[in-house]
Amino acid sequence: MRIFQLIGAISLGAFLLLGCDGENITEVSQKETDISLAERVGPVSQYGELLAGQVDGVGRIYGSCNGIAAGKEVQVRGMSMFWSVAGVGADFYNEAAIDAMVRDMKIEIIRLAIGTEENWGVGGFMKDPDAQRELIKNSVMAAVKNDIYVIIDWHSHTAVDQLEAAKQFFGEMAEAYGGYNNVIFEIFNEPTKQSWDQVRDYANQIVDTIRVHSDNLVLVGNPNWDQRPDMAIGQEVEDPKHNVAYTFHYYAMTHGNWEMGNADKAMNAGLSIFVSEWGTGTADGNGTPGEAKNQKWQDWMDANKLSSANWSAGNKNEGTAAFTPNSTPESIEFTVSGEMVKGFFAKNPDSYTACKAKK
């Protein structure tokens, strides 16, 4: 665990996390890590490590600072990068771009969509691992500096066929970055036609790999492009740390009540849901954002305290891109979609208060 108030590289045993009122919340294990890297007090300092949990049988996301308790749900909003294997995405995997999104959009989370076998100008992790490692390092450390959350996403539709590569990747990522409360692991971007049994078997093995090094939140995809988290009811992923949430993806101009109902069913069965990708347009990344449909989805996410990442922080010439094609990390201009998303993020806090931790 990283706790903002303790300064320096330290190694502790167990300690008690306390809420801001001094209430004893939960006992967790401390990790050895440099905890002086954040240059501001942001959402990570206020909420701590994100936790999957349930209160009164309903699944939500919580934070280690206040623990899993009624009224302590955590909702953070931010952006998903475009694919790391394309210049229109990879160009923004850096400190300058993340600084700008924190400053100009008030993002609380950034998702790194790390390609695997593709090469659209930059080789994926299975093609050019060093290039991807550099993008990840630059982005994770920028998130730590800004005290925001960061999702490391194996951005694949065929991860069940990439098991050994995914094990290598998440073993390495968990060892390198699993000591930061900022970091979340998304282990399978979007299963398509794979069965839940296939996805669950894959997930069980990847979770075991991550748990060698980290107890951080793990996000697990589900069939039909992450629109069937309800398939995990009664067949949950095995995790000794009980810190797994299930992803849900939607595009406002394509999806509607049926997909929303699947997520509602999962939450009401006690599963924690995380909207790790959503778009203002259509599911192909295009389309014109419609105010009414987008507002309906935003209201639903707010009512259920769902954390989310908008697709996408990139300058591809498509309807759901947040940045115009001539944008650079040093000079970002916003599209119609980007301006809409900025409006939704306006409700993010202007400031944060670091939680208190005592031995």
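Above this note sits the structure.
If you're wondering where the values come from, they're calculated on a predicted model, not measured in any experiment. (Residues numbered from 1 in each chain as written. Predicted model: local features only at pLDDT ≥ 70, side-chain atom pairs only at ≥ 80, totals over all residues. Heavy atoms only, no water.)

(A) The arrangement of the overall build of the protein in detail. For the protein, the helix and strand inventory stands at 10 helices and 15 strands. Long-range contacts, defined as pairs at least 24 residues apart, comprise 76% of the intrachain contacts of the protein with a sequence gap of at least 6. Counting every atom, the protein has about 13200 Å² of accessible surface; 47% of that belongs to carbon and sulfur. (Helix = DSSP H or I, 4+ residues; strand = E, 2+ residues; numbered from the N terminus. Contact = heavy atoms within 4.5 Å. Areas by Shrake-Rupley, 256 points an atom, 1.4 Å probe, with all protein chains shown as cover.)

(B) Looking closely at the pairing of strand S12 (residues 244-251). Within S12, eight of the eight residues are buried, leaving the element largely enclosed by the surrounding structure. Pairing of strand S11 (residues 218-220) with S12, which is carried by three bridges, proceeds in the parallel orientation. Counterpart to Leu-219 in the pairing with S12 is Ala-245. Here S12 runs beside strand S13 (residues 273-279); their pairing, made up of five bridges, is parallel. Along S13, the bridge assignment pairs Tyr-250 with Trp-278. In this view, the connection linking S12 to its parallel neighbour S13 by way of helix H8 (residues 257-268) has right-handed handedness. (Buried < 20%, exposed > 50% of the residue type's maximum accessible area, 1.4 Å probe, protein only. Pairing = 2+ DSSP bridges. Right-handed = clockwise from strand over helix to strand, strands pointing away.)

(C) Structural detail: helix H5 (residues 163-177). With 15 residues, H5 ought to run about 21 Å at 1.5 Å a step, and its terminal C-alpha atoms sit 20 Å apart, in line with that. Regarding H5, the residues found buried are Leu-163, Ala-165, Ala-166, Phe-169, Phe-170, Gly-171, Met-173, Ala-174 and Tyr-177. (Expected span 1.5 Å × (residues − 1).)

(D) Spatial organisation of the environment of Leu-306. Here Leu-306 shows up in the loop between helix H9 (291-303) and strand S14 (308-313). Linking Leu-306 and Val-76, residues 230 residues apart in sequence, is a C-alpha distance of 7.6 Å. When sequence neighbours within four positions are dropped, the list of residues in contact with Leu-306 reads Gln-75, Met-267, Ile-273, Val-275, Trp-300 and Met-301.

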